[in-house]
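Overview (structure and organization)
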Amino acid sequence: MTAGARQPMRPRLLPTVGAVIAALVLVVAGLAVAAYNENTFKAQASREAQVQADIVAASVTAALAFDDESAAQEYLDALRANPQVEAAGLYNSAGRLLAGYRREARQALPTRVVNPFSAQSDGHIMVAAPVVQGATRLGSVYIRTDAEPPARRAFRYVAIGLLGVMASLVVVILAGANSVQRQANRALGEANEMLRLQIEQRERAEEALRQSQKMEAMGQLTGGVAHDFNNLLMVASSGLELLDRTQDPRRRETLRQAVRQALDRGADLTRQLLAFSRRSPLKSSVVDLGAQLDGMRVLLDRSLREDIVVRFDIEPGLWPVEVDPVQLEVALLNIAVNARDAMPNGGLITIRARNRPDRAVEGLDGDFVELTVTDTGRGMSAETIHRVFEPFFTTKAVGKGTGLGLSQVYGFTRASGGDARIRSEPGRGAAISLFFPRSTRPLDAPAADAGPPPEVRTPANVTVLLVEDDDAVAHAVGAMLSELGYRYDRAPNATAALERLESGQHVDLVFSDMVMPGAIDGVTLARVIRDRWPDLPVVLTSGFSEAADAAARDGWRLLAKPYRMETLAAELAAARADGPAPRDAAAKS
Amino acid sequence: MRRLALTLALAATVASAPRGAWAAAALEMAVKAAYLYRFAAFVQWPPGAFNGPGTPAQICIAGDDPFGNVLDQAVKGKKIANHPISIVRLDRVDKAPPCQILFVAPSPRRRVAETLDKVRGSPILTVTDSGADPADRGVIDFVLQDNRVRFRIDGRAAVEGGLAISSKLRRLAIGSGGPP
């Protein structure tokens, strides 16, 4: 037993001590009562002996007065009826024994009794009473009694012994109960400890399982992405080599576009990967669901097998909805992958989008856009349907699924103000419907890179301080800046950049990476510049989505890697036109 | 006094011991003298039997005094019902004398019976010694039995004289059946 477990035994000691004290008090009280009884009894016995002597004295007056021995003897012998009387004697006025009675031969009588007395010794009571007739003193009666008959004494001892036994019994019972309780507590403590250990083990096992599932998912994802990336890199690499070998402008243009396309797809892939691997807050925008779905055809084709046909059934004129396009893609991909896995021998996936006016969805009445993905797979049981949106719930074999896919779908649609529903029967396929509320806001402008490239103006005598630790990136970005007509000066880290600024070098704009080695990162650098050179505009850039999100939340002007030259030009131009970052950027951070 | 008591006690316990006739007779009279006084403790006289408080109780002896000095010694300093005792010796009894106890000494020619007749009905405890004829016996009559001085009691005579005799004494008397 540990010291901690022994601690609670201390208060339990009190009742035991109390019980022992109570038992002792009981015994003492018993003894006191016994002693009191003893005294009372002795006094009573003494009185009885006195009375007995008085009675005899009153009876034998005549016999004593007229020396009638036989009469006196008869009176004394009558005492035989009282077993307590051991001996009795009748003495004349001269103190001489006239007649005597002895219960047992060995009992002795005093040879001479003159004066009345009363005495006790060794459990015997001796009484001498005067024999008086009228005013005449005739002699004395002596009586000796046994103060306490053996039976009565035995009874008294038994009673006291019984008291002692009861007291010790009380102590024993209490001690026993105490011990039993202690044992029970110990058993309880052990059981509790065991339970705690089991819970810990289970938690560890679950954690390990979650971790392995995450690693599994990451592995699958990474594998798929790496495959795609390798393809893209193949296209880019071969395209660049071919560019060097041909001078035909049309062929070069084709190659350039192929490389461009491959790089764009790579950027899309990393974005999806990041979106999938973390729970980023929704970045909702009002989109045309039909257009979004259209853009996913290629993605879906890549994710599914050749024996699976995807059919799109998009109603024209869909209402705009407010969703995070990236999350929507991930959700659709999750559903499609589930459908694919439910159709091991191939089948049909139908993606249908319809306007649903005046529907009641999860307490919301109004217009919704319904997106339904139907497969022809093996379907689900009612129980599976009931649990399918739970995180980590999966029907797939260990290592094949994370159980996170449909939970993402559910979380996404709920966060978008809609709902997700499943209809399915075993062997009859499954249909997952996502309801998105109709948005009353106008469609957001398409992404900048989707629109026509902005006019590339050539700034005059504008010096950009480029803060970038990666030489290759610095070289590429430097080339782009030069191409755009900027003059640029590169600093390898934030400290070097500050030194340049402090030396009074002329800088019109600072373009800084966010995550850099050294004591100061990009955001800190931006704050220092905001404080010391408030008129100097700063543009931050990063490939880390979380860092980029943080900077964007704080209101800094931000360019996410990878970016195209047009985007860079537009951002820098905007920064110069707008001036420094808004005031509240510093306050917020 | 103490010596006398010792003597009486000796007389009671060793009466049967062979002694000289004179000695035995003397002892017998000493015992009877002591008893004569002791009877008083067991007897209650009717009111008016005594002349008044402080007046002596009289033990009278009619006839030849057989006690002599012994009786005077025996009652010396004693009291009867808080009255001091005086010994009165009567030569002849014509009418009831002012006595509480009257010992009628044995005498020939029916003198005892005559004396008893004269005091009959009076509150006087009459004591006789070995009356052979019932007419010669007073309320209490000494009897020598087994060499011991015993007595018999005439309850009717006591009632006639208005005397109450303690049952304790009655029980000790010969013919009463003894103590219960």
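Worth saying up front: this structure is predicted, and the values here are computed from it rather than measured.

1. Structural notes on the overall build of chain A
Broken down by element type, chain A carries 17 helices and 17 strands. The buried share of chain A, taken over its 589 residues, is 38%. Per element, the accessible surface of chain A, about 32400 Å² overall, is 56% carbon and sulfur.

2. Quick notes on the nonpolar core
Phe39, Trp45 and Leu125 of chain B are the most contacted members of the largest nonpolar core, which totals 69 residues. For this core, the leading source of residues is helix α2 (residues 21-39) of chain B, giving 7 residues. Beyond its immediate chain neighbours, meaning those up to four positions away, Phe39 of chain B contacts Phe66 of chain A together with Leu125, Val127, Ile140, Phe142, Phe151 and Leu169 of chain B. Residues Leu293, Met380, Leu406 and Ile422 of chain A belong to the second largest nonpolar core, which totals 39 residues.

3. Let's talk about the side chain of Thr136 of chain A
Looking at the element boundaries, Thr136 of chain A is found in strand β5 (residues 136-146). Those residues in contact with Thr136 of chain A, other than ones at most four positions away along the chain, are Val131 of chain A together with Tyr37 and Ala41 of chain B.

4. So, the packing of helix α13 (residues 494-502) of chain A against helix α14 (residues 522-532) of chain A
Residues and elements named next belong to chain A. Relative orientation of the contacting elements α13 and α14 amounts to 15°, with a least axis distance of 10 Å. One element, α13, and the other, α14, form an angle in the roughly parallel class. Between α13 and α14 lies a crossing whose hand is right-handed. Residues Ala494, Ala497, Leu498, Leu501 and Glu502 of α13 pack against Leu525, Val528, Ile529 and Arg532 of α14. Residues belonging to the contact of α13 with α14 are distributed by class as follows: 7 nonpolar, no polar and 2 charged.

5. Regarding the environment of Lys32 of chain B
Residues and elements named next belong to chain B. Structurally, Lys32 is set in helix α2. When the C-alpha atoms of Lys32 and Arg150 are compared, they prove to be 9.1 Å apart, with 118 residues separating the residues in sequence. In this structure, Lys32 is in contact with Phe67, Asp129, Phe142 and Val149, ignoring residues within four places of it in sequence.

6. Examining helix α4 (residues 111-119) of chain B
All names here are of chain B. Looking only at α4, the buried set comprises Val112, Ala113, Thr115, Leu116 and Val119. Each buried residue of α4 lies within a common arc of 160° when the element is viewed along its axis, so the set occupies one face. Looking one or two residues beyond α4, the residue adopting positive phi is Gly121, at roughly 90°.

7. What about the packing of aromatic side chains?
All chains considered together, the criterion is met by 13 aromatic pairs over all chains. Between the aromatic rings of Phe66 of chain A and Tyr35 of chain B, the centroid separation amounts to 4.8 Å while the plane-to-plane angle is 85°, which identifies the pairing as edge-to-face. With Phe66 of chain A in the loop between α3 (61-65) and α4 (69-77) and Tyr35 of chain B in helix α2, this pair bridges two chains. In this structure Phe66 of chain A comes out as buried when scored by relative accessible area, which is 2%. Grouped by ring-pair contacts, the aromatic residues Phe66 of chain A together with Tyr35, Phe39, Phe42, Phe142 and Phe151 of chain B constitute a single cluster. Here the basic side chain of Arg421 of chain A rests over the ring of Phe435 of chain A, its NZ or CZ set 5.3 Å away from the ring centre.

8. Details of the confidence of the model for chain A
All names here are of chain A. Mean pLDDT over chain A: 81, with 85% of residues reaching 70 or higher. In the model, residues 1-9 has pLDDT below 50 throughout and makes 3 contacts with residues more than four positions away in sequence or in other chains. A low-confidence stretch, residues 447-453 (pLDDT under 50), is modelled with 1 contact involving residues beyond four sequence positions or located in other chains.

9. Points about the pairing of strand β1 (residues 85-92) of chain A
All names here are of chain A. Among the 8 residues that make up β1, 8 are buried, leaving the element largely enclosed by the rest of the structure. As defined by bridge partners, β1 adjoins β5 across 7 bridges and the pair is classed as antiparallel. Counterpart to Val85 in the pairing with β5 is Thr145. Here β1 pairs with strand β2 (residues 97-102) via 5 bridges, running antiparallel. Bridge assignment links Leu90 to a residue of β2, and that residue is Ala99. Count of turn residues in the β1/β2 antiparallel hairpin: 4 residues, of which Gly95 carries a positive phi of about 90°.

10. Considerations on a nonpolar patch on the surface
Residues and elements named next belong to chain A. There is a patch of nonpolar side chains on the surface, built from Val17, Ile21 and Val25 and spanning about 250 Å² of accessible area. Along the chain, the position of Val17 falls in helix α2 (residues 9-59). Since its relative accessible area comes to 41%, Val17 is described here as partly exposed.

11. Structural notes on the interface of chain B and chain A
Contacts between chain B and chain A engage 20 residues on the former and 18 residues on the latter. Approximately 1900 Å² of surface area, both sides summed, lies buried where chain B meets chain A, with 57% of it carried by carbon and sulfur atoms. If you look at where chain B meets chain A, you find 2 salt bridges. Across the pair Arg150 of chain B and Asp68 of chain A runs a salt bridge whose closest N-O atoms are separated by 2.8 Å. In this assembly, chain B and chain A are joined by 9 residue pairs in polar contact (both at pLDDT 80 or more). When contributions to the side of chain B that touches chain A are tallied by element, the ones reaching two or more residues are α1 (2-13), α2, β8 (148-153) and α6 (167-172) of chain B. Here the side of chain B that touches chain A takes 5 residues from α1 of chain B, the largest share from any one element.

About the cut-offs
Residues numbered from 1 in each chain as written. Chains lettered and ligands numbered in written order. Predicted model: local features only at pLDDT ≥ 70, side-chain atom pairs only at ≥ 80, totals over all residues. Heavy atoms only, no water. Helix = DSSP H or I, 4+ residues; strand = E, 2+ residues; numbered from the N terminus. Buried < 20%, exposed > 50% of the residue type's maximum accessible area, 1.4 Å probe, protein only. Areas by Shrake-Rupley, 256 points an atom, 1.4 Å probe, with all protein chains shown as cover. Core = buried A, V, L, I, M, F, W, Y, C linked by side-chain atoms within 4.5 Å. Contact = heavy atoms within 4.5 Å. Axes fitted to C-alpha atoms, helices over the stretch in contact; angles between N-to-C directions. Parallel < 35°, antiparallel > 145°, perpendicular 65-115°, else oblique. Left-handed = near helix turned anticlockwise from the far one by under 90°. Nonpolar A, V, L, I, M, F, W, Y, C, P; charged D, E, K, R; others polar. Arc of directions from axis to C-beta. Phe/Tyr/Trp six-rings, centres within 6.5 Å; stacked < 30°, edge-to-face > 60°. Lys NZ or Arg CZ within 6 Å of the ring centre and 35° of its normal. pLDDT = per-residue confidence, 0-100. Pairing = 2+ DSSP bridges. Patch = residues over 30% accessible without salt bridge, like charges linked within 9 Å, V, L, I, M, F, W, Y side chains within 5 Å. Salt bridge = Lys/Arg side-chain N within 4 Å of Asp/Glu carboxyl O. Buried area = accessible area lost by both parts, 1.4 Å probe. Polar contact = N/O pair within 3.5 Å; in protein donor to acceptor, adjacent residues only side chain to side chain.

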